[in-house]
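# Remarks on the overall topology
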Amino acid sequence: MAYEQDDTIVAVATAAGPGGVGVIRLSGKCALTIGKRICARQADFTPRHAHFQRFYNTKNQLLDEGIVLYFPGPNSFTGEDVVELQGHGGPVLLDQIVKACIELGARQAQAGEFSYRAFMNDRMDLTQAEAIADLIEANTVAAARAAVNSLAGAFSERVNAQVEELIHLRMYVEAAIDFPEEEIDFLSDGHIEQSLQQLIATTKEVLEVAQQGRLLREGITVVIAGRPNAGKSSLLNRLAGDDVAIVTDIPGTTRDVLRETIHIDGMPIKIIDTAGLRESPDVVEQEGIKRAWAEIERADHILHVIDSSQVNISALHSPEAQLPAGEKSLLALNIPVTHLWNKIDLSGVPAQKVESNILCLSAATGQGIEELKAHLKQAVGFAGEQSEGAFSARRRHVSALEACLAALEKGANQLVEHQAGELLAEDLRTAQQALEDITGVFSADDLLGRIFGSFCIGK
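Residue numbers here run from 1 along each chain, matching the order of that chain's written sequence. Per-residue local features of the predicted model are confined to residues with pLDDT of at least 70, and side-chain atom pairs are confined, for both listing and counting, to 80 or more; whole-chain, interface and lining totals are unaffected and use all residues. The basis for every side-chain value is the complete set of non-hydrogen atoms in the structure, without hydrogens or water.

Consider a sheet: its strands pair through backbone hydrogen bonds, and that pairing is either parallel or antiparallel. The pairing criterion is simple: DSSP has to find at least two bridges between the two strands. Segments assigned H or I by DSSP are reported as helices when at least four residues long, segments assigned E as strands when at least two residues long, and all are numbered from the N terminus. Read across the open sheet, the seven strands follow the order E8-E9-E7-E10-E11-E13-E12; overall the sheet is mixed. Of all the strands in the sheet, the pair left with one neighbour each is strand E8 (258-264) and strand E12 (352-355). On average, adjacent strands in this sheet sit at an angle of 25 degrees to one another, irrespective of strand direction. Relative to strand E13 (residues 358-360), E12 runs antiparallel, the two being bridged by three bridges. The partner of Gln352 across the bridge, within E13, is Cys360. Along the sheet, helix H11 (residues 369-380) contacts strand E7 (220-226), E8, strand E9 (267-273), strand E10 (301-307), strand E11 (337-342), E12 and E13; its crossing angle with E10, the most-contacted strand, is approximately 145 degrees. Axis lines are fitted to C-alpha atoms, over the contacting stretch for helices. Their N-to-C directions set the angle, which ranges from 0 to 180 degrees. Only heavy atoms enter the contact rule, under which two residues are in contact if any of them lie within 4.5 Å.

With a 1.4 Å probe rolled over the protein chains alone, any residue whose accessible area is under 20% of its type maximum counts as buried; one over 50% counts as exposed, and the rest are partly exposed. Extensive coverage of helix H1 (residues 31-38) is indicated by the burial of six of its eight residues. Of the surrounding elements, those touching the buried residues of H1 are strand E2 (19-27), strand E3 (51-56), strand E4 (62-71), strand E5 (82-89) and helix H2 (91-103). Positioned one or two residues after H1, Ala40 has a phi angle of 55 degrees, which is positive.

This brings us to the packing of aromatic side chains. For any pair of aromatic rings, the description consists of the separation of the ring centres together with the inter-plane angle of the planes. Aromatic pairing here means that ring centres of Phe, Tyr or Trp (its six-membered ring) are within 6.5 Å. Orientation follows from the plane angle: under 30 degrees is stacked, over 60 is edge-to-face, and everything else is tilted. Overall, the coordinates contain one aromatic pair when judged by the stated rule. For the pair Phe155 and Phe391, a centre-to-centre distance of 4.3 Å together with 10 degrees between the ring planes defines the contact as stacked. Of the two residues, Phe155 sits in helix H6 (residues 154-178) while Phe391 sits in the loop between H11 and helix H12 (395-418), which places them 236 residues apart along the sequence. Overall, the relative accessible area of 0% leaves Phe155 in the buried class. Judged by its relative accessible area of 1%, Phe391 is buried. Positioned above the aromatic ring of Phe77 is the side chain of Arg25, whose terminal nitrogen or guanidinium carbon lies 5.4 Å from the ring centre. In this scheme, the term charge over a ring applies when either NZ of a lysine or CZ of an arginine sits within 6 Å of the ring centre and within 35 degrees of the ring normal. Over the ring of Phe114 we find Arg25; its NZ or CZ atom is 5.4 Å from the centre of that ring.

To continue, consider the pairing of E4. Taken together, the six bridges between E3 and E4 define a ladder with antiparallel strand orientation. For Gln53, the partnering residue across the bridge sits in E4 and is Gly66. Taking the residues between adjacent antiparallel strands as the criterion, E3 and E4 are bridged by five residues, where Asn60 takes a positive phi near 60 degrees. Judged from the five bridges that link them, E4 and E5 form a sheet pairing that is antiparallel. Across the sheet, the residue bridging to Phe71 is Val82, located in E5.

One open sheet holds the six strands; their spatial order is E3-E4-E5-E2-E1-E6, and the pairing between them is mixed. Sheet topology places E3 and strand E6 (107-108) at the edges, where each strand pairs with a single neighbour. Here helix H3 (residues 113-120) sits on the sheet and contacts strand E1 (9-12), E2 and E6; the angle it forms with E1, its principal contact strand, is near 135 degrees.

If you trace the backbone, Glu260 turns up in strand E8. In this structure the C-alpha to C-alpha distance between Glu260 and Leu239, which are 21 residues apart in sequence, comes to 9.1 Å.

Moving on, we come to the pattern of salt bridges. In what follows, salt bridge is the name for a side-chain nitrogen of Lys or Arg lying within 4 Å of a carboxyl oxygen of Asp or Glu. Per the counting criterion, the structure on display carries 23 salt bridges. We note a salt bridge from Asp7 to Arg107, for which the minimum N-O separation is 2.6 Å. Taken as a pair, Asp7 in the segment before E1 and Arg107 in strand E6 lie far apart in primary sequence, 100 residues in all. Judged by its relative accessible area of 23%, Arg107 is partly exposed. For the salt bridge of Arg394 with Glu130, the shortest nitrogen-to-oxygen distance reads 4.0 Å. Note that Arg394 is positioned in the loop between H11 and H12 and Glu130 in helix H4 (residues 126-137), a separation of 264 residues in sequence.

Throughout this description, the term nonpolar core refers to a set of buried Ala, Val, Leu, Ile, Met, Phe, Trp, Tyr and Cys residues connected via side-chain atoms within 4.5 Å. In this structure, Phe155, Leu196, Leu401, Leu408, Leu428 and Leu435 are the most contacted members of the largest nonpolar core, which totals 32 residues. Breaking this core down by element, the ones donating at least two residues are H6, helix H7 (191-218), H12 and helix H13 (421-439). At nine residues, the largest contribution of residues to this core is made by H12. Beyond its immediate sequence surroundings of up to four residues, Phe155 is in contact with Thr127, Ser150, Val206, Phe391, Ser392, Ala393, His397, Leu401 and Ile438.

Right, here's the structure in full:
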C-alpha cells in the first residue's frame, strides 16, 4: 500500500455505527484552512483549546454542531497540523462532514495512514505504531496492558539498548580490523567474547518476553482430533464453559468444524473441534473429515482424544500404539501432540499426567481439565498474564529477534572456533539490521504498507 504525504487527509476516527459522539480527523498542511471553512470561521483556532462551533457544507448548509480542537504540527499525533471535529455520532452526519472536507481539498485517508504519518514524522517508531492497533484489537486485560507498555516504549527501549551495544561492539571489532598496526589482539583479549556473550544473553531475555507478548496478542490454535465418540465435542464444551457443540452417542455427529475462543490467564486459545477421523462411506462425513485434516495441518497444537473405556489401558504410557492407520499421520506433521485418555469416569483410571504429553481426564465430569489448561500453558511456554515487563509483540518481531540471535551465535562461533574477525563483523551487521527492522529504522516500503494497511481507517 502506497501513501502520499504532501496532501491533507480526512477520516472518521470513531467506530462505525451510531454513537453519542463522532470524531472526524484532518491531518496535513491544509487541515486548519479546511477546518475553518467547515466552521465558517475567520479567526484561527487557539491550539489545544476546545471551541464550540457549527459545521457547514460547501453550500453553507448547516450540518451539525460540536467541538473543534486544533493541534499544530509538529506537536500533534501525526507531526502535522491536525484538526478534530467532534459532532454527533450519526453515520449520515459524519459522512456529510467528511464529504465537505473532501470537496474543500482533503483526501479520504487510507487504513493506518494517520499512524503511518506519525511514524514517518518521527512521532513514534514502528513498534509503537503497531501497539496502537494491538491496543484497539486487544480482547483481554493482559493483552491491553501489554499493548500500552509497547505504546509507552517498553519494547523499543529494550531493542534500542541492544542496538547501542551492537554498535559499540562493531566499532571495536572494525577498528581492530582496520588498524592492525596498533597491535590490538582483539581476537584473544577476551573483551569481544565477553561482550558478545552478554549480547546473546540479553537477546534471549528480550526474545522470551517478546514470545510472551505474541502469545498474549495472538494466542495459539488448538485442534481437537480423534475417532468418533471419543469425547471431542464434550471436551470443547468443557473448555468453552458452554454447550457450543452437539453431543450425542451417535458416531459422526460432528460433521463440520466448530470454533471457540477461550482464555487461560489472559492467553487466547482458539479451540477447534473436528469431525471424527475414520473411513466413512457417507459423502457429507467424508467432507467433514477432509476439513478436519485441513485444520489439523494448520494447528499450533493438537489434542488427540482417546476413549479410555474402549482401549487397552495397559498401553497408558504409549497411546501411539492405539492409533489406527487413519490417525498415525498425526505423528508425522511436526506439530506438538498431547494425547488425552478421556472418559476416565467410565474406565476408572485416575486423573493424572502420565507423561509430558499424556494426560488422563474426563470431559464429562471435568476431572483433569485444570491440569490440561496448565499443560497447554506449559507446552507453549506461556508464563501468565502477570509476566514481568510484558509488552505486545508480533510474529515478525519474534522472527527478527531469532534472526538477531542466530547471527550473534554464528559470530561467536566465528570468533572462538575460527578467529575470523571479518566474518564476525558481518554477523554483527546482520544482527543489527534484524533489530532495526523491528523499530522501523531499516524496513522495506512493502513491509510498512502491509503493517499499516492492517490498521482501521481513522488510525
